[in-house]
Amino acid sequence: MLDARPAPVTTAPLIQVEDLKMHFPIYSGILRRHTGDVKAVDGVSFFINAGETLGLVGESGCGKSTVGRALLRLYEPTAGRVIIDGEDVARLSPEALRKKRPTMQMVFQDPQASLNPRMTLSRIIGEPLDEHTDWTDKKKQDWIYELMDSVGLNRRFANRFPHEFSGGQRQRIGIARALALNPKFIVCDEPIAALDVSIQAQVVNLLEDLQDRLGLTYLFISHDLSMVRHIADRVAVMYLGKIAELSPRDDLYARPLHPYAEALLSAVNEPDPVIAAKRRRIILKGDVPSPANPPLGCNFCTRCPRVMDICRAVKPDLIEVEAGRFVACHLYPTTAAAGSTGAPEATERNQQGVTR
Amino acid sequence: MADRALPVLEVKGLRTVFRTRGGEIHAVNDVSFHLERGELLGVVGESGSGKSVTMMSLIRLLPAPPADIRNGEVLLNGADLLKMTPEELRKVRGAKVGFVFQDPMTSLNPVFTIGNQIMEPLRAHMGMTKAEAETRAVELLDLVGIPDARKRLKAYPHQFSGGMRQRVMIAIALACDPDVLIADEPTTALDVTIQAQILELVKELRQKLGMAIIWITHDLGVIAGIADRVMVMYGGQVVEQAPVGELFANPQHPYTRALLKTVPKISGGREARLKVIEGQPPILTQALMACPFRNRCEYRHEACDKANPARRAIDGRPVGRGHDVACHWHAPAAQEVEHA
């Protein structure tokens, strides 16, 4: 079995991200000149405690996957610091980074595309061991079997190929591979999005069991707000490259503070017709602006139902407005006063989060 | 005009088989259902449960071969679609039955303008002149909430966002004022806030136009919000069918019951652990001689291996009209079913 690690007692967070930026350059014209940047991630800061799960939610294109990849330095971040277990991953030399890799791993969204179709299951799970250990073949094989046991794959399957497995089983292979080097931190990038509903629960339960047993720390990236409510301890809501709100799970779902978080939660479909009939939805107008050309002020000002003049001019900072709750919105903390448009709507919406 | 009292669509004993090199795949097994005028029927199931193939079969959109519709009747206003000549069928598709597909990018033609694609069915089915069709196209875009409609007619699909494209697809499907609209996972590819916009639009359109809708999805949350009646499919057959409130409050089939518990809730008490349906869906390589769900079912007993259960009514009303289930096991009475 995998070694059970005692629950960590350190107070410093395992992961500390400061003002992370990931800009992708746009080249255009005949001379392929650098004409702008897609600001996929534009100044994101958060921390994750050891043994904790941080949920990262948002709609497609908001930059949540880019954050996950930049954290593990699968992209070279444009700016910012990513401190994982005391070292700034964003600045490590290639050799130091290679040594660091075993502590931080990733589970990808599409288990079909992230497994090499020409490699057997045993080689896929064992590849990180070939790269990072000098173990004998026997020792590697024993460890591969243990990993397969712990993710619920039958040992008899060791010499089969990925196409012989279903989506849920393939995701288990991806998880076993991520666990091979005994990591501390795993980025789960939409690990259940490609799976059927009845299979999703299997994978989520497995991730939870492994976390309990091994003391793992997760960044769980997902657009499925109900599932994030189930698995995460704290949740960060992203919009257009920035964090709109970062709150403990129960607080966020009971009473979202940022207007976008509020609208996003109200848009989730409750699988219960009685509740569905009672809920009031906030229907946002329009689409998300392009990250290549974000609004001058708050990124959400073009769709925000509670937009004020200041929102169109000044970008709000992410500040702690209540204990443990961080919000980037001009409504806080100097709320009231400022000329809010659509005041009657706003009062109605205040009850949104607790409407059940 | 057709009899108002009759259902607009009635499907009886539909059976579709795919012939492949590896043998036959029995994708749709004896599926029967009806659709009342103005009703929204939700069809729920996982990938491979046969929900899309059923709907594609009834309007004969599947390439044959490999698809082979072995059996059944599909009565649209009393006329059997399965007996129609290709010429007759063409007059039904897009005119009396509208289709909205999952992926709005691949189902719009990238080299024609939006206007061109909306006007096509109008000119083909309604015999409109170009000017008439253009006026109607503008009306339709207005109807589905696309601002600045007249200018947008000249735009190409890539200039639209996902949500806007899905609105265009709906406009095309509604162009000829169909009796039935079949929507196959129309909001699955969209983000939640955009999904909410489209669901709101469909609710509005139903009130305005009153057409009957078949809504295919795997998302129980969507179903809970918009459907009148729900049909749950598994292994290519209908395993449970009921009015929406009844299905969620009093699910009968072990699959439905488990499915409702595998999905975490967005409000109310948070479950410590998700319910899991162990195992995998069946591979339908032969006709079903036993219950397709038996290998994953917690209530399996001898009868389940011997015969594929027929649908039986549980509320005294005829099968298909009230609440029915295809299961050998009898669920305990409703009050024992926990319901948050």
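Described in the following lines is the structure provided in the data block. Note that the structure is a prediction, hence the values are computed from the model and not measured.

**Here's the deal with the sheet that holds strand E6 (residues 104–107) of chain A**
Residues and elements named next belong to chain A. Strand order across the open sheet formed by eight strands is E6-E7-E8-E3-E9-E10-E12-E11, with mixed pairing between neighbours. Two strands bound the open sheet, and with one partner strand each, they are E6 and strand E11 (319–322). Taking the axes of each pair of neighbouring strands and ignoring which way they run, one obtains an average angle of 25° across the sheet. Alignment of E11 against strand E12 (residues 325–327), held across three bridges, turns out to be antiparallel. Looking at E12, one finds that Glu320 is bridged to Phe326.

**Notes on unusual backbone geometry**
All names here are of chain B. Phi is positive for Asp30, which is not a glycine, with a value near 55°. Its place among the elements puts Asp30 in strand E2 (residues 23–35). The residue Asp177 is not glycine, and still its phi comes out positive at about 60°. With respect to the helices, strands and loops of the structure, Asp177 is situated in the loop between helix H6 (162–174) and strand E7 (180–184).

**Here we look at the packing of helix H3 (residues 121–132) of chain A against helix H5 (residues 167–179) of chain A**
When two helices pack together, their arrangement is given by the angle between their axes and by how far apart the axes lie. Residue and element names in this part refer to chain A. It is at 7 Å that the axes of H3 and H5 come closest, and there the two elements cross at 30°. Relative to H5, the element H3 is oriented roughly parallel. Note that H3 runs across H5; the crossing there is right-handed. Note on element contacts: H5 touches H3 through Ile173, Ala176 and Arg177, opposite Leu121, Ile124, Ile125 and Pro128.

**As for the sheet that holds strand E8 (residues 212–217) of chain B**
All names here are of chain B. Strand order in this open sheet of eight strands is E6-E7-E8-E3-E9-E10-E12-E11, and the pairing throughout is mixed. Strand pairing shows two members of the sheet lacking a second neighbour, strand E6 (97–100) and strand E11 (312–313), which therefore form its edges. Note: strand E3 (residues 40–44) against strand E9 (residues 229–234), four bridges, orientation parallel. Looking at the pairing, Leu41 lines up with Arg229 of E9.

**Side note on the packing of helix H3 (residues 114–126) of chain B against helix H4 (residues 130–143) of chain B**
Residue and element names in this part refer to chain B. As a packed pair, H3 and H4 sit with axes 9 Å apart at the nearest point and diverge in direction by 120°. The interaxial crossing formed by H3 with H4 has right-handed handedness. Across the interface between the two elements, Gly115, Ile118, Met119, Leu122 and Arg123 from H3 touch Ala133, Glu134, Arg136, Ala137 and Leu140 from H4. Along the lines of polarity and charge, the residues of the contact of H3 with H4 split into six nonpolar, one polar and three charged.

Basis of the calculations
Residues numbered from 1 in each chain as written. Chains lettered and ligands numbered in written order. Predicted model: local features only at pLDDT ≥ 70, side-chain atom pairs only at ≥ 80, totals over all residues. Pairing = 2+ DSSP bridges. Helix = DSSP H or I, 4+ residues; strand = E, 2+ residues; numbered from the N terminus. Axes fitted to C-alpha atoms, helices over the stretch in contact; angles between N-to-C directions. Parallel < 35°, antiparallel > 145°, perpendicular 65-115°, else oblique. Left-handed = near helix turned anticlockwise from the far one by under 90°. Contact = placed C-beta atoms within 7 Å. Nonpolar A, V, L, I, M, F, W, Y, C, P; charged D, E, K, R; others polar.

What is shown is where atoms sit, not what they do.
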